[in-house]
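Residues per chain, in single letters:
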Amino acid sequence: MFTNDRRQEERTGKYGSPRLQYLQELVSQFQNSTDEETKEKVAANLANFAYDPYNYKFLRQLNVLELFLDCMTEPNERLVEFGVGGICNSCVDLANAAIVTQSGGIPLTIQCLSSPVRNTVNYALGALYYLCNASNKEEILKPEVVDIIKRHFWTNMSEQVRPKACFLKEFCRMVL
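These figures come from a predicted structure and were not determined experimentally. Going along each chain's sequence as written, the residues are numbered from 1 onward. Given that this is a predicted model, residues contribute local features only at a pLDDT of at least 70 and side-chain atom pairs are listed and counted only at 80 or more, while totals for whole chains, interfaces and linings are drawn from all residues. Hydrogens and water are ignored here; the side-chain numbers use all heavy atoms of the structure.

Details of the packing of helix H6 (residues 77–90) against helix H9 (residues 118–131)
Convention adopted: a line fitted to C-alpha atoms gives each axis, helices being fitted over their contacting stretch, and angles between N-to-C directions are expressed from 0 to 180 degrees. Each helix is a run of H or I in the DSSP string that is no shorter than four residues. Each strand is a run of E no shorter than two, and both are numbered from the N terminus. Where H6 meets H9, the closest approach of the two axes is 8 Å, and the angle between their N-to-C directions is 25°. Relative to H9, the element H6 lies roughly parallel. Of the two possible hands of crossing, H6 and H9 adopt the one that is left-handed. For the pair H6 and H9, the contacting residues are Glu77, Val80, Glu81, Val84, Gly85, Ile87 and Cys88 in the first and Asn119, Thr120, Tyr123, Ala124, Gly126, Ala127 and Tyr130 in the second. Along the lines of polarity and charge, the residues of the contact of H6 with H9 split into eight nonpolar, four polar and two charged. For classification purposes, angles smaller than 35 degrees are called roughly parallel, those larger than 145 roughly antiparallel, those between 65 and 115 roughly perpendicular, and all remaining angles oblique. Throughout, a crossing is termed right-handed when the near helix is turned clockwise from the far one, and left-handed when it is turned anticlockwise from it by less than a right angle. Contact criterion: two residues are considered in contact whenever any of their non-hydrogen atoms come within 4.5 Å of each other. Basically, the charged four are Asp, Glu, Lys and Arg, the nonpolar ten are Ala, Val, Leu, Ile, Met, Phe, Trp, Tyr, Cys and Pro, and anything else, Gly included, counts as polar.

So this is what it looks like as structure tokens:
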């Protein structure tokens, strides 16, 4: 369920942390941790917060989108998964999509299409769908990228990937 100011106030209560403060604590915990498992848990938590439009301004303010992009460059596949998941969840918003694009997120997201982790691929497909627009269509819809997307559709007919076929239908004008 999406949050609004009133619902947030009810959920936080009199002594709870305001959302911005809580997200700042998560970012600090991620940045200060040397434990991979802790980083994974925090990145997953932040990616879940990226799903709610109420949090978008906080994520931008705290540079969480850049944190997600940094996760996508890590050798740890779980951090990559949660990083691209956070990008997928947040780039529905045009301001977030612009930050991701301007920060070099498209090539990083395209790289995730080659991941051995199914969730990472699914999140990457979703993120590319939301990121694709007239100004970056050429970068996203390069023939080699379209071939990878088609290969995922035909070789992995799971319920998660099949809806992403609309990406091919809408942007590539392909009949599946």
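After that view of the structure, there is still more to cover.
Let's talk about a negative patch on the surface
A contiguous patch of negative charge on the surface is contributed by Asp35, Glu36, Asp70 and Glu74. With respect to the helices and strands, aspartate 35 occurs in the loop between helix H2 (19–32) and helix H3 (36–49). A patch consists of residues whose relative accessible area exceeds 30% and which take part in no salt bridge; residues with like charges are grouped when within 9 Å of each other, and nonpolar side chains (Val, Leu, Ile, Met, Phe, Trp, Tyr) when within 5 Å. Surface exposure here means Shrake-Rupley accessible area, sampled with a 1.4 Å probe, where a residue is shielded only by the protein chains that are shown. What counts as a salt bridge is simple: a side-chain nitrogen of Lys or Arg found within 4 Å of a carboxyl oxygen of Asp or Glu. Charge assignment: positive for Lys and Arg, negative for Asp and Glu; neither His nor the chain ends contribute. The atoms used to mark charge sites are NZ of Lys, CZ of Arg, CG of Asp and CD of Glu.

Details of the nonpolar core
Here, nonpolar core refers to any group of buried Ala, Val, Leu, Ile, Met, Phe, Trp, Tyr and Cys residues whose side-chain atoms link them within 4.5 Å. The rule is simple: take the accessible area with a 1.4 Å probe, protein chains only, and divide by the maximum for that residue type; under 20% is buried, over 50% is exposed, in between is partly exposed. Within the largest apolar cluster, 50 residues are counted, with the highest numbers of intra-cluster contacts made by Leu23, Leu46, Phe68, Ile87 and Leu113. Setting aside its immediate chain neighbours within four residues, leucine 23 contacts Leu46, Phe49, Asn55, Phe58, Leu59 and Leu62.

Brief notes about the environment of leucine 69
Mapped onto the fold, leucine 69 is located in helix H5 (residues 64–71). Along the chain, leucine 69 and valine 80 lie eleven residues apart, while their C-alpha atoms are 8.5 Å from each other. Discounting chain neighbours no more than four positions away, the residues touching leucine 69 are Ile87, Val100, Ser103, Gly105 and Leu108.

Quick notes on H3
Between its first and last C-alpha, H3 extends 20 Å over 14 residues, near the 20 Å set by a 1.5 Å rise per residue. Among the residues making up H3, those that are buried are Lys39, Glu40, Val42, Ala43, Ala44, Leu46, Ala47 and Phe49. On the buried face of H3, the contacting elements are H2, helix H4 (56–61), H5 and H6. By this rule the span expected of a helix is its residue count minus one, scaled by 1.5 Å.

Any link to function would need more than the numbers given here.
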